[in-house]
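# Topology and contacts: notes
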Amino acid sequence: MAAQIWYENDGDLSVLEGKKVAIIGYGSQGHAHALNLRDSGVDVVVGLRPTSKSVEFAKEQGLEVKSVADAAKEADIIMILAPDQYQRTIWTEEIEPNIKPGAAVAFAHGFNIHYGYIKPSADHPVFMVAPKGPGHIVRREYAAGRGVPVVVAVEQDPKGDAWDITLAYAKGIGALRAGAIKTTFTEETETDLFGEQNVLMGGVNHLVEMGFEVLTEAGYQPEIAYFEVCHELKMLVDLMNEGGLNKARWSCSDTAQYGDYVNTVIGEDCRERMKYHLQRIQDGSFAKEFIDDQDAGAPHFKELQEKYSHEKIEEVGPKLRAMFSWNSNGVADQDEAQSFNGKIARTQVQ
């Protein structure tokens, strides 16, 4: 069955007239949502802790900033854009005690609703607008008169108007210019986690690392190995984005295509491991493991960050990236990588 997709004419911004929208967090997604909504004529307040470094930055952008509790008290729609592991504490301590009866609660990822870490009472509409791109792209495309596609879902609809609010919000951030695809909190959460763990992060990252190790352990120069297993990956992914797998294949040599068809390292054993990881996502085992570790101060998470930030491929990468004129970061990437661990593209309230 074809997906249901809404476009610009399907959303009505007047639905948000007279309503206050609180954006909780001013990180990657938070700043984009707040500024785009503001520029669409929506009444926006940003909810942050008074000690947050983002307070002055948001004010400099001309936005109203209040504490999370005060923002929640006056909001008709509350979009929670803090990292997954912090959302339930923010909800129970600052939002839930202050939220107006019947106010809508929104998310850009279904994790906390799907796994039951946040449970708004039945009188609150609960919806999701999840951009398929980082916040700075959401903002950039809006400013250029374009938009980034989103997936949208409604979990609770006590008054029957939740979809109208959802599409109005999506239009306010510019998403309906590109399209909004209907999904559910369950589908978005489970497919998002699966994609991250098995293809985008846990798949590609480890394929690159392992390919680099196999080549260098066989005696090939690290610089050559880096080019072959890492640098060229972006070109291939760009081609996929432009025209799918077929364009990526016919853009490469016949030798590369033939090797793709007959020598793939991805076999049925990989499929079985993917199914296992999907099961752990579906039954909540992965979510519990992650949240339990976070609640304990994230010792395992921090151990893994430290371990993987020092992979051998990261020793040669910065030097080679500096060779390319379009990479303005150059050698500075190496210093940035040391402080990277989890800091970039996060939507923190702290």
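Residues numbered from 1 in each chain as written. Predicted model: local features only at pLDDT ≥ 70, side-chain atom pairs only at ≥ 80, totals over all residues. Heavy atoms only, no water.

A few words on the overall build of the chain. On a plain count of helices and strands, the chain comes out with 16 helices and 9 strands. A globule of 350 residues ought to have a C-alpha radius of gyration of about 20 Å, and the chain, at 22 Å, matches this closely. Here the C-alpha coordinates of the chain stretch approximately 65 × 45 × 40 Å along the principal axes. The burial tally for the chain puts 42% of its 350 residues in the buried class. A separation of at least 24 residues holds for 67% of the contacts in the chain among residues at least 6 apart in sequence. (Helix = DSSP H or I, 4+ residues; strand = E, 2+ residues; numbered from the N terminus. Rg over C-alpha atoms; globule rule 2.2 N^0.38 Å. Buried < 20%, exposed > 50% of the residue type's maximum accessible area, 1.4 Å probe, protein only. Contact = heavy atoms within 4.5 Å.)

What the rule picks out here adds up to 10 aromatic pairs. Ring centres of Y226 and F227 lie 6.4 Å apart, and the angle between their planes is 70°; on these two criteria the pair is classed as edge-to-face. Residue Y226 is classed as buried on the basis of its relative accessible area, which comes to 5%. With 6.2 Å between their ring centres and 85° between their planes, F227 and F324 make a pair best called edge-to-face. Taken together, the residues span a long stretch of sequence, with F227 in helix α10 (residues 222–250) and F324 in the loop between α15 (313–321) and α16 (332–338) at a distance of 97 residues. With relative accessibility at 19%, the residue F324 sits in the buried group. Three or more aromatic residues joined by ring pairs form one cluster here, namely F111, Y115, Y117, F286 and F290. (Phe/Tyr/Trp six-rings, centres within 6.5 Å; stacked < 30°, edge-to-face > 60°.)

Right, let's talk about the confidence of the model for the chain for a bit. Residues at a pLDDT of 70 or more form 93% of the chain, whose mean pLDDT is 91. Within the model, pLDDT remains below 50 along residues 330–348, and this stretch shows 31 contacts once partners closer than five positions in the same chain are excluded. (pLDDT = per-residue confidence, 0-100.)

A few words now on unusual backbone geometry. Notably, A298 is not glycine yet its phi reads approximately 60°, a positive angle. Along the chain, A298 turns up in the loop between α13 (285–295) and α14 (299–308). A relative accessible area of 6% means that A298 is categorised as buried.

It is worth spelling out the environment of G62 at this point. Looking at where G62 falls in the secondary structure, it is placed in the loop between α2 (54–60) and β4 (64–66). Note: C-alpha distance between G62 and L35 (27 residues apart in sequence) is 9.0 Å.

Take the packing of α10 against α15 next. Packing of α10 against α15 leaves a shortest axis separation of 10 Å and a crossing angle of 85°. With respect to α15, the axis of α10 lies roughly perpendicular. Judged by residue contacts, P222, E223, Y226, F227 and C230 of α10 engage I313, V316, G317, K319, L320 and R321 from α15. Residues that form the contact of α10 with α15 fall into these classes: 7 nonpolar, 1 polar and 3 charged. (Axes fitted to C-alpha atoms, helices over the stretch in contact; angles between N-to-C directions. Parallel < 35°, antiparallel > 145°, perpendicular 65-115°, else oblique. Nonpolar A, V, L, I, M, F, W, Y, C, P; charged D, E, K, R; others polar.)

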